[in-house]
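Structural overview for review
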Amino acid sequence: MILLLTSLISILLTGTIGYLSARQALNKSIYDGLTALRVKQAGEVEDYFELTQTEVLSLSEFPVVIEAFKGFQASYNKLQDKELSRDQGQKLRQFYENDVFPTLDLNSQELSSLDSYIPQDKAGKYLQSYYIATNPYPVAQKAQLDQAKDGSNYSQIHAKFHERFRRLTELYGYDDIYLIDGQSGNVIYTVNKEIDFGTNVKDGHFAGTNLADAFNQVVKSKDPNFSTMVDFKSYEPSAGRPAAFIATTVFDGEKFLGALVFQISSDRLNKLMTVNEKWRDVGLGMTGESFVVGSDYKIRSEPRIYLENPDEYFNFLRAQGASKQEIDEIWRVKSPILQQKIQTPAVLNALAGKSGTELLTDYRGVDVLSSYQPLSLGKNLKQPLKWALVTKMDQKEAFAPIQDLARRFLITGAILLPLVAILSNWIANFFTRPISKLLEGTQRITEGITDIKVDVTSKDEFGELADSFNDMARNLHNKELTIKEQLEENERLLLNILPPSAVERVKGGERDFADSYVNVSLLYAE
């Protein structure tokens, strides 16, 4: 019994200590894994924007870019005396009405202000007519046109440089490339030929956009080493899709020409955050995700729930009190980026400059293991972008390995305890059975029974003890037999000389007694 209790207590103590140690190690591994993934993704995002910033600075100094800028600038100005025919003007208006406005979220008052969208100067109208309105390619593929058949010097310059700029956008993943005249603010060239081409970012319809903001910062600096980055905003010329801009100055020697601007879509950032929707491959399981949030608390990458189950996502928004207008806008732009606000503790901590990994509540109201940190994009800029990066996983899934560990320990214990009880009982019997036999033999000897043998066949100390006991018992028995034989011999001799009654009295211990006998014969021998 003592052996059994000792074994059971040992197993329980060992199992408990082992479980607590394993749980602590597993818990640390879970925290470290989520933190490592967050740090890795943060590095990728920062590297991407720093690389883009370096690329725009490098390209602004390329001779081909400077040559193209001067060529577009001069040929654009030569178009200022070009008048569109009535038919061309009508086709331009029809393009806006039929192809542009349906893609924009405009109210009736904005729809009536068609003229505010169309460039005000002649060159802008002319180029939009030839490169947009009558461009034979679909709206999203206007960049495929290398040269308009108008015979202008601008189209010759366009044919010379356009393919090179288009290849840059394809090779590096830029949404668009802009050349903006530093004096007038005219957008003298773009790759994609959206409706900002030919407009003026100083006083035109798009003067309030983040493209105009980037241009204004460039003009204000007029520094050959200057670059800036403007955060994502809904960009109307791109059908309201999110766009950010990185811009720098372009100089011809000491002469300031204008701004070279890269448009960056949220697609690249979204792929980095959603790991190309391969969350499980990077250890985010069934519920994990990473996302970034701007200083305005608006999300900059798409939530996993939106990508995997849009219906569930919109039901969640309705449950959170989102308005029909907000939901309709997400449907229209086909993305919650810049639409959904997130102000969870993780986001607030990160925007406050803190980093950490802890148990928190996410934007769905679900308990999660959340790892967060601030992002500073454009560290060489005077005003870097301040974002928050959050990597999280539902608490239930994150700690599922610990629950599995506990379940395995319980199952193992449930199996081991009966086995140990059986084994302990067998071991106890193995050791106590020889002792019991020896005790039984000893008891019989104390009762005067010496004709016994303890049957222990083991070759250990118990076997040796049993052999010694059997030798002792055999010796005692032999001595007992010898004494018995001697007593019988003595009795026989006494009976030869004494009557039986006298022999019995001698055997009873009497030494002095007298008795009378008849018919006694006395033999004497000399």
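Quick look at the structure, then. Owing to the predicted nature of the structure, the values given are computational and were not obtained by experimental measurement.

Our focus in this paragraph is the pattern of salt bridges. Side chains carrying opposite charge are able to pair once their charged atoms draw close together. Inspection of every chain in the model, using the stated rule, returns 17 salt bridges. A salt bridge links Glu67 to Lys160; the nearest nitrogen and oxygen atoms lie 2.7 Å apart. Taken together, the residues span a long stretch of sequence, with Glu67 in helix α2 (residues 63–78) and Lys160 in helix α7 (residues 153–172) at a distance of 93 residues. Taking the relative accessible area as the measure of exposure, Glu67 reaches 38% and is therefore partly exposed. For Lys160, a relative accessible area of 42% gives the class partly exposed. A salt bridge links Asp87 to Lys91; its shortest N-O distance comes to 3.6 Å. One end of the pair, Asp87, and the other, Lys91, are both in helix α3 (residues 86–100), 4 residues apart, so they sit about a helical turn from each other. Of the residues examined, Lys91 reaches a relative accessible area of 41% and is grouped as partly exposed. When salt bridges with common partners are traced through the structure, they connect Glu289, Asp362, Arg364, Lys392 and Asp394 into a single cluster.

With that settled, the discussion passes to the sheet that holds strand β5 (residues 255–265). Strand pairing in a sheet takes place through backbone hydrogen bonds and is either antiparallel or parallel in direction. If you trace the 5 strands from one edge of the open sheet to the other, you get β2-β1-β5-β4-β3, paired in antiparallel fashion. Two strands close off the open sheet at either side, each with one partner strand: β2 (187–190) and β3 (227–235). Strand after strand, the sheet turns through a mean of 25 degrees between neighbouring axes, direction not considered. Both strand β1 (residues 176–181) and β2 contribute to a ladder of 3 bridges, which runs antiparallel. When the bridges of β2 are listed, Tyr178 appears paired with Thr190. Each of β1, β2, β4 (241–252) and β5 touches α2; the most contacted strand, β5, lies at about 105 degrees to it. In the packing of helix α9 (residues 266–274) onto the sheet, the strands contacted are β3, β4 and β5, and the crossing angle to β5 comes to about 45 degrees.

Basis of the calculations
- Residues numbered from 1 in each chain as written.
- Predicted model: local features only at pLDDT ≥ 70, side-chain atom pairs only at ≥ 80, totals over all residues.
- Heavy atoms only, no water.
- Salt bridge = Lys/Arg side-chain N within 4 Å of Asp/Glu carboxyl O.
- Helix = DSSP H or I, 4+ residues; strand = E, 2+ residues; numbered from the N terminus.
- Buried < 20%, exposed > 50% of the residue type's maximum accessible area, 1.4 Å probe, protein only.
- Pairing = 2+ DSSP bridges.
- Axes fitted to C-alpha atoms, helices over the stretch in contact; angles between N-to-C directions.
- Contact = heavy atoms within 4.5 Å.

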